[in-house]
Amino acid sequence: MPDLPTTALDIAAAVRAGEVSAVEVLDAHLAAIDAREGEINAFNLVLADEARAAAAAVDARVAAGEDPGPLAGVPLALKDNLCTRGVPTTCSSRILEGWRPPYDATVVQRVAAAGAVAIGKTNLDEFAMGSSTENSAFGPTRNPRDTARVPGGSSGGSAAAVAAGFAPISLGSDTGGSIRQPAALCGVVGVKPTYGLVSRYGLVAFASSLDQIGPFSTTVADSALLLEAIAGHDHRDSTSIDQAAPSLLDVLDRGVEGLRIGLVTELMGEGIAPDVAARVRQAAEALSAAGATIGEVSVPAASYGLSAYYLIAPAEASSNLARYDGVRYGMRVDAPTTAEMNTATRTAGFGDEVKRRIMLGTYALSAGYYDAYYGKALKVRTLIMRDFEAAYENFDLLLSPTSPTTAFRFGDKTDDPLSMYLNDICTIPTNLAGHPAMSVPFGGGADGMPVGVQLLAPALGEATMFRAAAVVEAAAPSLEEAYA
Amino acid sequence: MSANLTHEPIEGEHFTVTSESTGDVWEIVVGLEVHCELATATKLFCSCPNMFGDEPNTNVCPVCLGLPGSLPVLNHQVVELAMRLGRALNCSVEPSVFARKNYFYPDMPKDYQVSQFDRPINVDGWLDLPDGTRVGIERAHIEEDTGKNSHAGGSGRIHGADYSLVDYNRAGVPLVEIVGRPHIRHPEQAKAYIDELRAILLATGASDAKMEEGSLRVDANVSVRRVGDTELGKRCEVKNLNSLRSLGRAIEYEARRQVDLLETGERVKQETRHWDEGAGRTRPGRSKEEAEDYRYFQEPDLVPLAPSAEWVTAIDAAMPSLPAARRVALAEAAGVEPTETAVVVAVQRDLDALALAAIAAGGDGTRVLLHVEHNLAVDGAESLDPAHFAQLVTLEVAGQLTATQAKTVLGDMVESGKAPEVIAAERGFEAMDTSELEGIVDGIIAESPDEWADYCGGDDKRRGKLQGFFVGKVMKATKGQADGKAVNAVLDARRAASS
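Calculation notes
- Residues numbered from 1 in each chain as written.
- Chains lettered and ligands numbered in written order.
- Predicted model: local features only at pLDDT ≥ 70, side-chain atom pairs only at ≥ 80, totals over all residues.
- Helix = DSSP H or I, 4+ residues; strand = E, 2+ residues; numbered from the N terminus.
- Buried ≥ 20, exposed ≤ 12 C-beta atoms within 10 Å, placed from the backbone.
- Contact = placed C-beta atoms within 7 Å.
- Pairing = 2+ DSSP bridges.
- Core = buried A, V, L, I, M, F, W, Y, C linked by C-beta atoms within 7 Å.
- Domains from an automatic or database assignment.
- Nonpolar A, V, L, I, M, F, W, Y, C, P; charged D, E, K, R; others polar.
- Expected span 1.5 Å × (residues − 1).
- Axes fitted to C-alpha atoms, helices over the stretch in contact; angles between N-to-C directions.
- Parallel < 35°, antiparallel > 145°, perpendicular 65-115°, else oblique.
- Left-handed = near helix turned anticlockwise from the far one by under 90°.

K.L.:
Would you take a moment to explain the overall build of chain B for this structure?
P.N.:
Of regular secondary structure, chain B possesses 15 helices and 16 strands. For the C-alpha atoms alone, the extent of chain B along its principal axes is close to 90 × 55 × 50 Å. In chain B, which comprises 499 residues, the share counted as buried stands at 41%. Long-range contacts, defined as pairs at least 24 residues apart, comprise 69% of the intrachain contacts of chain B with a sequence gap of at least 6.

K.L.:
Would you mind going over the pairing of strand β8 (residues 134-144) of chain B with me for this structure?
P.N.:
Working note: regular strand, side chains alternate between the two faces of the sheet. All names here are of chain B. For β8, the buried fraction is high: eight of the 11 residues fall into the buried class. As defined by bridge partners, strand β7 (residues 122-128) adjoins β8 across six bridges and the pair is classed as antiparallel. Opposite D128, over in β8, you have R134 as the bridge partner. Remark: five residues form the turn of the hairpin made by β7 and β8, two consecutive strands paired antiparallel; G132 in that turn has positive phi of roughly 100°. As paired strands, β8 and strand β11 (residues 174-180) are joined by seven bridges and run antiparallel to one another. Its bridge partner lying in β11, A140 is registered against I178.

K.L.:
What is the right way to look at the nonpolar core in this model?
P.N.:
Side chains of nonpolar character tend, in soluble globular proteins, to be buried together. Counting 161 residues, the largest nonpolar core has A:L76, A:V117, A:L397, A:L455, A:A468 and A:V472 as the members making the most contacts within it. When near neighbours in sequence (up to four residues on either side) are disregarded, A:V472 contacts A:A283, A:A286, A:L287, A:V440, A:F442 and A:V453. Judged by nonpolar contacts, the second largest core, of 102 residues, contains B:L81, B:Y193, B:A342 and B:A346.

K.L.:
Would you mind going over the domain arrangement of chain B with me for this structure?
P.N.:
For interface size, the figure often reported is the accessible area lost on association. All names here are of chain B. As far as domains go, chain B holds domain 1 (3-315), domain 2 (323-415) and domain 3 (434-498). One C-alpha centre belongs to domain 1, the other to domain 2; they are set 35 Å apart. Of the residues lining the interface, nine residues belong to domain 1; the matching set on domain 2 comes to seven residues. With five residues, helix α2 (residues 187-204) is the single largest residue contributor to the side of domain 1 that touches domain 2.

K.L.:
Sorry, what's going on with the environment of B:A314 here?
P.N.:
Summarising the element assignment, B:A314 is placed in helix α4 (residues 309-317). C-alpha of B:A314 to C-alpha of B:S47: the two residues are 267 residues apart in sequence and 25 Å apart in space.

K.L.:
What is the right way to read the sheet that holds strand β5 (residues 99-102) of chain B from this model?
P.N.:
Adjacent strands of a sheet form backbone hydrogen bonds with each other and so pair up, either parallel or antiparallel. All names here are of chain B. On the basis of which strands lie adjacent, the open sheet formed by three strands has the order β6-β5-β16 and antiparallel pairing. On the outer flanks of this sheet lie β6 (112-115) and β16 (297-298), each paired with one strand and no other. Note that β5 and β6 share four bridges and pair antiparallel. What sits directly across from N102, in β6, is Y112.

K.L.:
Just checking my understanding: could you explain the interface of chain A and chain B for this structure?
P.N.:
With 32 residues of chain A in contact, the opposing surface of chain B contributes 25 residues. For the side of chain A that touches chain B, the elements supplying multiple residues, two or more each, are α9 (305-320), α10 (338-349) and α11 (352-365) of chain A. The leading source of residues in the side of chain A that touches chain B is α9(A), at three residues. Residues that form the side of chain A that touches chain B fall into these classes: 14 nonpolar, 11 polar and seven charged.

K.L.:
What is the right way to read α2(B) from this model?
P.N.:
A turn of α-helix holds 3.6 residues, and therefore any two residues three or four places apart point the same way. Residues and elements named next belong to chain B. Look at α2: 26 Å from first C-alpha to last across 18 residues, which is about the 26 Å you get at 1.5 Å a residue. Counting buried positions along α2 yields 14 of 18 residues, so the element is predominantly enclosed. Count one or two residues on from α2 and you reach G205, which has phi positive near 70°.

K.L.:
Teacher, can you tell me more about the packing of α9(A) against helix α12 (residues 371-394) of chain A here?
P.N.:
What describes two packed helices is the angle between their axes and the distance between those same axes. All names here are of chain A. In the contact formed by α9 and α12, the axes pass within 9 Å of each other and the chain directions differ by 125°. Taken together, the axes of α9 and α12 lie oblique to each other. Considering only the axes of α9 and α12, their crossing is left-handed. Contacts between α9 and α12 involve G305, A308, L311, I312 and A315 on the former and, on the latter, Y373, Y374, A377, V380, R381 and I384.

K.L.:
When you look at the sheet that holds strand β4 (residues 169-174) of chain A in this model, what are you seeing that I'm missing?
P.N.:
Residue and element names in this part refer to chain A. A sheet is described by the order of its strands in space; here 11 strands give the open sequence β1-β3-β2-β4-β6-β5-β10-β11-β9-β7-β8, paired in mixed fashion. The two strands at the open ends of the sheet, each matched to only one other strand, are β1 (43-46) and β8 (293-297). Averaged over neighbouring strand pairs, the angle between their axes works out to 30° when direction is ignored. As judged from the three bridges shared by β1 and strand β3 (residues 117-122), these two strands associate in the antiparallel manner. Each bridged residue has a counterpart across the sheet, and for L45 the counterpart in β3 is K121. With respect to the sheet, helix α8 (residues 274-289) is in contact with β7 (260-264), β8, β9 (397-401), β10 (437-444) and β11 (450-456), its orientation differing from that of β9 by roughly 150°.

K.L.:
Mind showing me how you'd approach the pairing of strand β15 (residues 281-284) of chain B here?
P.N.:
Residue and element names in this part refer to chain B. By the bridge criterion, four bridges tie strand β14 (residues 271-276) to β15 in an arrangement that is antiparallel. Bridge pairing in β15 links W275 to T282. Two successive antiparallel strands, β14 and β15, enclose a turn made up of four residues, where G280 displays a positive phi of approximately 65°.

K.L.:
Is there a simple way to think about unusual backbone geometry in this case?
P.N.:
Most peptide bonds are trans, and most residues other than glycine sit at a negative phi. Here the residue pair A:G153 and A:S154 is connected by a cis peptide bond, since its omega of 10° sits within 30 degrees of zero. Relative to the assigned elements, A:S154 resides in the loop between β3 and α5 (156-163). Unlike most non-glycine residues, B:N90 shows phi in positive territory, near 60°. Mapped onto the elements of the fold, B:N90 is located in the loop between α1 (76-88) and β4 (92-93). Overall, B:N90 belongs to the partly exposed group, with 16 C-beta atoms counted inside 10 Å. Even without being a glycine, B:A209 presents a positive backbone phi close to 50°. Its place among the elements puts B:A209 in the loop between α2 and β12 (216-226). By the C-beta count within 10 Å, which is 19 here, B:A209 ends up partly exposed.

K.L.:
Help me out: how do you make sense of helix α15 (residues 462-475) of chain A in this one?
P.N.:
Residues and elements named next belong to chain A. Its 14 residues place the ends of α15 20 Å apart at the C-alpha level, agreeing with the 20 Å of an ideal helix rising 1.5 Å per residue. Along α15, 10 of the 14 residues are buried, which leaves the element largely enclosed by surrounding structure. The set of residues buried in α15 consists of E462, T464, M465, F466, R467, A468, A469, A470, V471 and V472. Contact partners of the buried residues in α15: α7 (220-230), β7, α8, β9, β10 and β11.

K.L.:
Explanation requested: the packing of helix α13 (residues 449-457) of chain B against helix α14 (residues 460-477) of chain B in the structure shown.
P.N.:
Residue and element names in this part refer to chain B. With their axes 8 Å apart at the nearest point, α13 and α14 run at an angle of 140° to one another. Looking at the two axes, α13 sits oblique to α14. Crossing of α13 over α14 shows left-handed handedness. Facing E451, D454 and Y455 of α13, the residues of α14 in contact are R462, R463, L466 and F469. Of the residues assigned to the contact of α13 with α14, the class counts are three nonpolar, no polar and four charged.

K.L.:
Which parts of the structure should I look at to understand the environment of A:G65?
P.N.:
By the secondary structure assignment, A:G65 is in the loop between α3 (48-63) and β2 (75-79). Spatially, the C-alpha atom of A:G65 lies 9.9 Å from that of A:A17, the residues being 48 residues apart in sequence.

Below, the structure is given as structure tokens:
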């Protein structure tokens, strides 16, 4: 068998040209899954049969002289909080075990229409609440670079699937960093698009005002390819921006000449591991060498992002997760009265972290506490937006670490929720602002584990962000290259 | 119950409960909250049909079932109808936002209701009752309806049923909740308010407003206070009011209950009470151990709703004629006051256009209204030919038909569509000349000498009774063709002559 292409762009080009078949590409990836999935646990469900049928259909279209689309024959993994028609969608929660949605999420429809082959549903922290995928009801996912370490989260399964070569691309969701942080920890590219750029229809909600679907890939170009396929207005999502998908692939080679890029002061100091900060500075130098102007910029309110986030997100979650009451679908634990049945079902069906956030959110919205907690958090959110706006008056892009540290070991932070929450300190402000940001791998830390640098852009600044990402990618040291 | 309800107005507009034990005079204060289902083709946030009475759980989809991952999309027609209603209620249309009202209930698919909380679409309007009372409207906001539970086996109530079934066809049906200010002072006013609101809902096409089908649901906030007090008393919210009759009875009962409590030194507990039509009383709802906390917050799945000024202007321009204006128009044409019962009834029954046309065709206004009020509460009345209606009234005024004959002919006109002269001829209705009538009256007087003596010599009360006796006999003899007024005139003349 000839060497198969490995990136989504190359696979799609080869499949469209009839040089390789979608089925053989799929088989190679299924073989990779067979070889390592046992130790990684990236998937809640591998859709081997369905994927084979989809790949065969792509091949048939090519044989018939049709073009299956820009993702022709590309295996793609879906986070298991994206609804797939007739296929179990669990959010890695017992409470949704066995539920089969009667419809596909908009992004699932769009990738299928572009010719992609859905290869499986990936593991996550239950209902996307977590930063290590340790909160999954179906066991943690392991970091393919070192299986003693977490892959990050909540989209740990989607990040690990790409890092392990189970699929060249995958989709995750990012509410406070759930795409970018695992991308950084697994050494892949991960993108959180502008809020409203990608339809949320069919994404099981965690925190509706923050949730956004985005791509994982091994290369910046593949993320651009996948984002182009899923972005664009959807009438089924009222918060969807009424605008066509941006052109990203076309601008990747435009460089950063003349761009002003700011290092975020608040995200480079206390709480950030020195090796990680050093890599970010190195990336800044690379951007500078490529013609960008680098400066430092303060986003003062970003320091309060974490506090605001842990009121707003749980508040919305407490409401979004109310529907899992045992009445209509998923788990039901019977009890004498409806209210007791609700309680028994939710007690048995939800894990500890989900319960913790439901309680936090319920409290934050309660009469007498609303103003002090939820109301104040909304004000902080406004301040963060304002501070970003001020920063973008002088800079085209911002630069920071994605995660304060490289991948940590299992159990390191499970006993201390606050230290776990601190993992998202660099990613959360973007979600609160509704802006795009992405993580690009940039060498390793002192422990030899991947470091991700984060590029941040103002709303709908994806094209500029991807230009810089391509420069960072080209300048990235290899993981093996020792940390100086 | 010792408190006695009187209908005596104070300063022309207040009504009271007078305590029999103390003689204190109490005032009833009522504010009504009305939920009405909007008559849209589809639901509030999805394209499922908005239909009453279909097979359970057939008009449902992922959105109105609140399935994980589904999202709401606001129905444009809902906003249109809600604004039309708001403007008809003299509200101002404001930029508004949707909010989630969080509580667990099996008929609510998401376990929260999407409603409007601190920023409703319609605010600060009013509704004028036919009697001239102006009732303030605090707000009229958009929200989604819930499904419907039914409990089977066991006691058949939610507690003690063997199992429960939920029908989600109604889940997500658009509602407008109209919150009236506590400006109502009497059960009859409350009924008039609902009647008027219903007429507005029908005129604007906002709702079919059927209380019995639940597309119009009324809750009454009732409190009492001593006349002259300016502070409002503690109120109870009375639910389960399925008809106007229930509404009136429940307010009256509740007011008396509260007066009795207060007069015996007890307090009124602010609570929700349910009207029991069979027992004729209100009962406390299941007491909740803790106060309900709905944890309202802005619905993040929807964007703020800010209808443009152009949109509001277009709605105003297309506003159909509303009941109050229609009453004025009809009253002017008929030469009566707009508060006249016949005028109110004509508009309520949607017969004002017919009455106006009949008057325009030369019919006497008072007679036209009289027929509309008393003789046209029948199906098909609205398709009566106004020219025929006018002719009928003219025949009647000219004395060619008696009132009784005219009523009969009118009934036939609705059924057959024939002209009144044709029907009168077919039925053999002809004006009776005076000498013929006098002969008949004389004959009847001769047949009943004792009654006649009594009629001539008795007191007024006795005479009144006997007048009925003689008129009845004459009517029987003439098969109803005699004119009652003419009969009375002959009787009077004969009595005067015999004394």
